[in-house]
Structures are given as structure tokens and as C-alpha cells.
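# Examination of the molecular architecture
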Amino acid sequence: MERCDLAIIGGGPAGLAAAVAAREAGVQDILILERDRELGGILNQCIHSGFGLHTFQEELTGPEYAGRYAAKVRALSIPYLLDTMALELSPERVVTAMNRERGLFQMQAGAVILAMGCRERARGSLNIPGYRPAGIYSAGTAQRLVNMEGYLPGKEAVILGSGDIGLIMARRMTLEGAKVHVVAELLPYSGGLKRNIVQCLDDFGIPLKLSHTVIDIQGRERVEGVTLAQVDENRRPIPGTEERYKCDTLLLSCGLIPENELSRGAGVELNPVTSGPVVDESLETSVPGVFACGNVLHVHDLVDFVSQEAEAAGKSAAGFLAGKNTRGRRSIALRAKDGVRYTVPATVDPNRMGEETIVRFRVSDVYRNPTIAVSCNGEILLRKKRMIVSPGEMEEIRLKKAQLLARPDIQEITIALEAAK
């Protein structure tokens, strides 16, 4: 049995930022396990710009952003294993992994940071009728084919789902000479950032059809066309609204799911809304010494926030290893209500938190002129006015340690939307 102080599963932006923060906090024995052939994770195929504005105060491409953190890891001499798949994590923090050089091996870790990222929702979970012809890809797979493998999946495309990857691929396919006929979205609002709707669809004249879905796929060997239909408030197709598009490619951008098979196997409690671990203010899961950050915890909109969260996880893991960050007896539950879908973290302990704790969340619909209200025992702790909030963009509030320590009787804090339209 090999041993290390801190094992980090995942060498994407979350894992790299966590490793750097942990080393800077004094952890010397760190090992990053990455299943791909290079560090950087999903950012390596995101060759568009728009990354790093918060973290580096400049606009970078995905590979450039990942390269900055990979360079820090190398400069700090933090070891990592590539082409290495973590197969299992036990509640005792034993990591089982394998690669070609070492075969199957196990490692006892003093602490573990989960940074496995997320995956796309596949066609099998979408219940689209029709045959299973060639030409159906997830948007992320198409992105990797175009940007890293140099292969254009098709010449005429329809995209189902308006997540950020789907929006970005609408532009990317267009720039490579393909014709993107339409982006269809089942919901009455887009799941992507507003800037991506403008820059990737509006600027290229690509229509976005909200409250629409694919009801049929034509073609047996290769996609020959798809049929869209408008849906009602129950998301059922409305007869008579069918539209057929001739195409050879269908891209699916229908949501992301945190990669939590390892977490589940370790007995980590998962949030049914996010499908990610339930964590406290230190980003520690229900299994002591196991921390989570990035898209494996909850799907983020900006990678800058992934890095910020991962740095906090790295520091918390360092505190745990030093015996300074053990769980206390006080735990205040955070309750999402009235338009707020979930919160990360789910609990806070004022005695363990820093001067303030960032609480991130997403809303359930598009609301105009809402007020984000934070309250406890009928008292308002914080109000934050917003012009508009939507499910595609993450929101945050900051809880002050002094406020919570001054109220020793608090057992629950509610985060809700007021006066939303």
C-alpha cells in the first residue's frame, strides 16, 4: 500500500488550483491523478477566449488558462500521474487506481480532494424517438473532434439544448464551414450565459427556438434530418407545430452531470438537486477528510469560480492534515427557498469559517428585479437587489462570520428570492 498526504483525483482546472493552494499552505506530499494524456482537463479543448477575466484580469483561451495552472504545478514540483484512472475510493480514503506502467495500485491518503469534473447527459436519457444512426454527438464530443482531433463531424447541423457548450459549438461549426440550422431548447429560457447567446448565435444569425424539442430523427445509417416541435407547459409536443430540418448531424447539449461514481462508492452524501456532494463551509463532504470542488461539486458557469473554490478546498485539506480543521459541534443548515434551487455549501460552522464564506447557488427560473434575501429566525441578515437572475448564471452571497457568531441560537439560514417577477 502506497501512501501520500493528499491525493487529488482530477488534473483539470479544479484539481490544479487545489494542488497549488495546498502546497502553498504547507502540504508537501501531494499526488494528482489525471485520466487524460495531459493536465488541463476539459479546458484543453476549449480554444475560444473568455477565460481568466476574474483570475488573471486578462482574456485567455481555455488551453492558456489551464497552462497557467499547469505551469504553477510544475514550478512547485507537485507530482502527477497521467493516463491514470481512479477506480475506487473507500470511506477510509484508500484510492484504487490503474495505469499502463504501474498496473493496478492502491494508495492510502491522509486527505482526498475530489475534482473529477462533470459529463454530458447522453441521448439515452433524453428519450428521443427514432433510429440510432451515425451523426449524433454530444456537443463536448464534437468540440474535442473539431478542436483537438481536426475532424468536422458534419456539414449541416441541428443542436438540441442551449447549454454553453452547445452555443459555443454552434459558432465553432459555423466558423469551420458547417451550416447550423437552429438551436432548439426544451425550456422557455436558455441554459447558457447571455454573452454566449449574443456572441455565438445572434452574431451569426443562428436562430434559437425556446420551448422546442426533437421529436424524431430520420435516417438509418446516417442522420438525414430531424423534426422539431413546440412543447406546452408540461413539456409535451404540441400537434401541428412540427418542423423538419434536413441535416447530417445532431449535437446534444442537454445538461451536465457531476462525475460522482467514486463519491457514491465512498459513501459521500449527494445532493439530489446538484448530483454533487453535500459539503460544509470547508468544502468537506460527509466523509471526513474528503473534500470536493469544481464541477464535480456543482456545475459552474465560469472557470474562474472553479479555481476560486478549488483554492479554498486545497487550503481546507491542508488544515485538515495539520489537525486544525476538525469538525465542530455547531452546524447551521442553509435552506434554499422561493426560487433558489440549492446552496453550496449546505451547512456552515461559524467557528470554522474564515471572516466570510461565499455561498453559491442557482435559481429555478428567469426572474426580473428580484431581491436575494438571507434570513434567520425572522431577521434579515442580507438583501441583495438584482436586475435579472436566470438558471444559466450562478449567483453568490457572502455570509459574515461576525454576524453568525453574534447569533448563537441560529440553527437555519434561509436564502430566497423576494418580489421576483
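Preceding block: the structure.
Residues numbered from 1 in each chain as written. Predicted model: local features only at pLDDT ≥ 70, side-chain atom pairs only at ≥ 80, totals over all residues. Heavy atoms only, no water.

## Some details on the packing of aromatic side chains
Both the distance between ring centres and the angle between the ring planes are used here to describe each pair of aromatic rings. Under the defined criterion, the tally for this structure stands at 4 aromatic pairs. Measuring from centroid to centroid gives 6.0 Å for Phe291 and Phe320, while their planes differ by 75 degrees, and the two rings are edge-to-face. With a gap of 29 residues between them, Phe291 in strand 19 (residues 290-292) and Phe320 in helix 7 (residues 303-321) connect regions that are remote in the sequence. Within the aromatic cluster, the residues linked to one another by ring pairs are Phe56, Tyr65 and Tyr69. Over the ring of Tyr69 we find Lys72, and its NZ or CZ is 4.8 Å from the ring centre. (Phe/Tyr/Trp six-rings, centres within 6.5 Å; stacked < 30°, edge-to-face > 60°. Helix = DSSP H or I, 4+ residues; strand = E, 2+ residues; numbered from the N terminus. Lys NZ or Arg CZ within 6 Å of the ring centre and 35° of its normal.)

## Considerations on the pairing of strand 17 (residues 249-252)
Of the two faces of strand 17, the one carrying Thr249 and Leu251 and the one carrying Leu250 and Leu252 are both buried. In this structure, strand 10 (residues 136-138) lies alongside strand 17, joined through 3 bridges in parallel fashion. Along strand 17, the bridge assignment pairs Ser138 with Leu252. Where strand 11 (residues 156-160) lies against strand 17, 4 bridges are found, and the strand directions are parallel. Residue pairing across strands places Ile159 opposite Leu251, the latter belonging to strand 17. (Buried < 20%, exposed > 50% of the residue type's maximum accessible area, 1.4 Å probe, protein only. Pairing = 2+ DSSP bridges.)

## Overview of the packing of helix 4 (residues 164-175) against helix 5 (residues 194-201)
Their axes nearest at 8 Å, the elements helix 4 and helix 5 cross at an angle of 20 degrees. Classified by the angle their axes make, helix 4 and helix 5 are roughly parallel. Taken as a pair, helix 4 and helix 5 cross one another with a handedness that is left-handed. In this structure, helix 4 uses Asp164, Leu167, Ile168, Ala170 and Arg171 to contact helix 5, whose residues at the interface are Asn196, Ile197, Gln199, Cys200 and Leu201. Grouping the amino acids of the contact of helix 4 with helix 5 by side-chain chemistry returns 6 nonpolar, 2 polar and 2 charged. (Axes fitted to C-alpha atoms, helices over the stretch in contact; angles between N-to-C directions. Parallel < 35°, antiparallel > 145°, perpendicular 65-115°, else oblique. Left-handed = near helix turned anticlockwise from the far one by under 90°. Contact = heavy atoms within 4.5 Å. Nonpolar A, V, L, I, M, F, W, Y, C, P; charged D, E, K, R; others polar.)

## Concerning helix 3 (residues 139-147)
In an α-helix there are 3.6 residues to a turn, and that puts residues three or four apart on one side. Among the 9 residues that make up helix 3, 7 are buried, leaving the element largely enclosed by the rest of the structure. Along helix 3, the positions that sit buried rather than exposed are Ala139, Gly140, Ala142, Gln143, Leu145, Val146 and Asn147. Buried residues along helix 3 sit in contact with strand 9 (118-120), strand 10, helix 4 and strand 17.

## Section: unusual backbone geometry
The omega torsion of the bond from Val344 to Pro345 falls at 10 degrees, within 30 degrees of zero and hence cis. Mapped onto the elements of the fold, Pro345 is located in the loop between strand 20 (332-337) and strand 21 (347-348). Phi angles above zero are rare outside glycine, and Ser77 is one such case at about 55 degrees. Since its relative accessible area comes to 55%, Ser77 is described here as exposed. Although it is not a glycine, Arg93 adopts a positive phi angle of roughly 70 degrees. By secondary structure assignment, the location of Arg93 is in the loop between strand 6 (85-89) and strand 7 (94-99).

## Some details on the pattern of salt bridges
Applying the stated criterion across every chain, the model contains 20 salt bridges. Glu176 is the salt-bridge partner of Arg172, the closest N and O atoms lying 2.8 Å from each other. For Arg172, a relative accessible area of 17% corresponds to the buried category. One connected set of salt bridges, linked through shared partners, spans Glu356, Arg360, Glu396, Arg398 and Lys400. (Salt bridge = Lys/Arg side-chain N within 4 Å of Asp/Glu carboxyl O.)

## Some words on the side chain of Glu34
Its place among the elements puts Glu34 in the loop between strand 2 (30-33) and strand 3 (49-51). Although Glu34 is buried, it forms no salt bridge, and the closest oppositely charged side chain is Arg35 at an N-O distance of 5.3 Å. A distance of 2.8 Å separates a polar atom in the side chain of Glu34 from the backbone nitrogen of Asp36. Residues in contact with Glu34, not counting those within four places in the same chain, are Gly10, Gly11, Gly12, Leu39, Leu81, Leu82, Asp83 and Thr84. (Lys, Arg positive; Asp, Glu negative; His and termini not counted. Polar contact = N/O pair within 3.5 Å; in protein donor to acceptor, adjacent residues only side chain to side chain.)

## Some remarks on helix 4
End to end, helix 4 covers 17 Å across 12 residues, agreeing with the expected 16 Å (1.5 Å per residue, within 8%). Every buried residue of helix 4 is accounted for by Asp164, Gly166, Leu167, Ile168, Met169, Ala170, Arg171, Arg172 and Met173. Structurally, helix 4 contributes buried residues whose contacts are with helix 3, strand 11, strand 12 (179-185), helix 5 and strand 17. Where helix 4 terminates, the next one or two residues include Gly177, which has phi positive at roughly 100 degrees. (Expected span 1.5 Å × (residues − 1).)

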